[in-house]
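# Breakdown of the fold
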Amino acid sequence: MNRHSGAILVLSGPSGAGKSSLINKIKDHIGPTYFSISTTTRGKREGEEEGVHYYFVDVDEFKSDIEQEMFLEYAVVHGNYYGTSLGPVKKALKEGKLVIFDIDVQGHDAVQNRLSDITTSVFITTPSLEELKRRLHNRSTDSEEVIERRIEMAKREVQRISEYDFLIVNDTLEEAAEILISIAKAARMKIPTLQINEFVQTWEAS
Ligand code: 5GP
């Protein structure tokens, strides 16, 4: 009963809150995992690699994937399309892996609608708006206009924290990573409704 057919961990939060650094820090400490690689129409940032950070496609290709129902969910974020491909997620779940999504609040909503019984969600943010601004400027990979858009978006996103199971305030990376490791381990143990029924039947019969 302690091992089952995979689970989902959704991570959301403003760009600049440190989600990627956190994922990197915890990845060797949480067991068999699949980090979902999204498809996006946004331009590649410096240092990003095709098939590692994202699959970079143009709008036509993205729309064709939508028509072919390739996505578990997709959304327009900061004016660009972002989507999670269904195929690799299904495969990883079947292999009993913890599937980790770095998706926005709209994506979280869609995943909860379709797969809530195996999903655990975490909202990750900076201790303050001021700190988010500082981090976005320090990262300096984006133009001033893009940073402004991300800040406005962050203000809207934090209004939806209550939709998540957990909130992590990423003040120090070490501490935030420790909390996320605990949540990831617990997420793996979430029991899908069907398995509860099966377990109860077996438990009563034996
Ligand atoms: P960035 O451009 O900074 O990599 O990501 C911008 C936002 O898009 C982040 O909030 C990130 O979580 C979100 N995002 C990335 N991939 C996906 C996806 O596949 N679906 C959705 N709904 N959001 C995504």
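As a reminder, the structure under discussion sits directly above these lines.
To keep things clear, this report deals only with the structure shown in the data block. (Residues numbered from 1 in each chain as written. Predicted model: local features only at pLDDT ≥ 70, side-chain atom pairs only at ≥ 80, totals over all residues. Heavy atoms only, no water.)

This next bit is on the site of the ligand. Every one of the 19 residues lining the ligand counts as a neighbour, but S38, R42, Y54, Y82 and D102 are closest to it. Within the backbone of G83, one N or O atom sits 3.2 Å away from an oxygen atom of the ligand. Elements with a minimum of two residues in the shell around the ligand: β5 (71-77) and β6 (80-85). Its residues assigned to classes, the shell around the ligand comprises 5 nonpolar, 7 polar and 7 charged. (Near = heavy atom within 4 Å. Polar contact = N/O pair within 3.5 Å; in protein donor to acceptor, adjacent residues only side chain to side chain. Helix = DSSP H or I, 4+ residues; strand = E, 2+ residues; numbered from the N terminus. Nonpolar A, V, L, I, M, F, W, Y, C, P; charged D, E, K, R; others polar.)

With that settled, the discussion passes to the pattern of salt bridges. Under the defined criterion, the tally for this structure stands at 12 salt bridges. Between K97 and E95 there is a salt bridge; the shortest N-O distance is 3.1 Å. Here K97 falls in the partly exposed class, since its relative accessible area comes to 25%. E95 sits in the partly exposed class, given a relative accessible area of 42%. Between K155 and E152 there is a salt bridge, with its nearest N and O atoms 3.3 Å apart. Of this pair, K155 and E152 both sit in helix α6 (residues 144-157), 3 residues apart, roughly one helical turn. On the basis of relative accessibility, which here comes to 36%, the residue K155 falls in the partly exposed class. (Salt bridge = Lys/Arg side-chain N within 4 Å of Asp/Glu carboxyl O. Buried < 20%, exposed > 50% of the residue type's maximum accessible area, 1.4 Å probe, protein only.)

Among the secondary structure elements, E48 is positioned in the loop between β3 (39-40) and β4 (55-56). For E48, the side chain forms a polar contact with the side chain of R42, separated by 2.8 Å. Setting aside residues no more than four positions away along its own chain, E48 makes contact with R42, G43, H53, Y54 and F56. (Contact = heavy atoms within 4.5 Å.)

It is worth stressing that arrangement in space is one thing and function is another; only the former is reported here.
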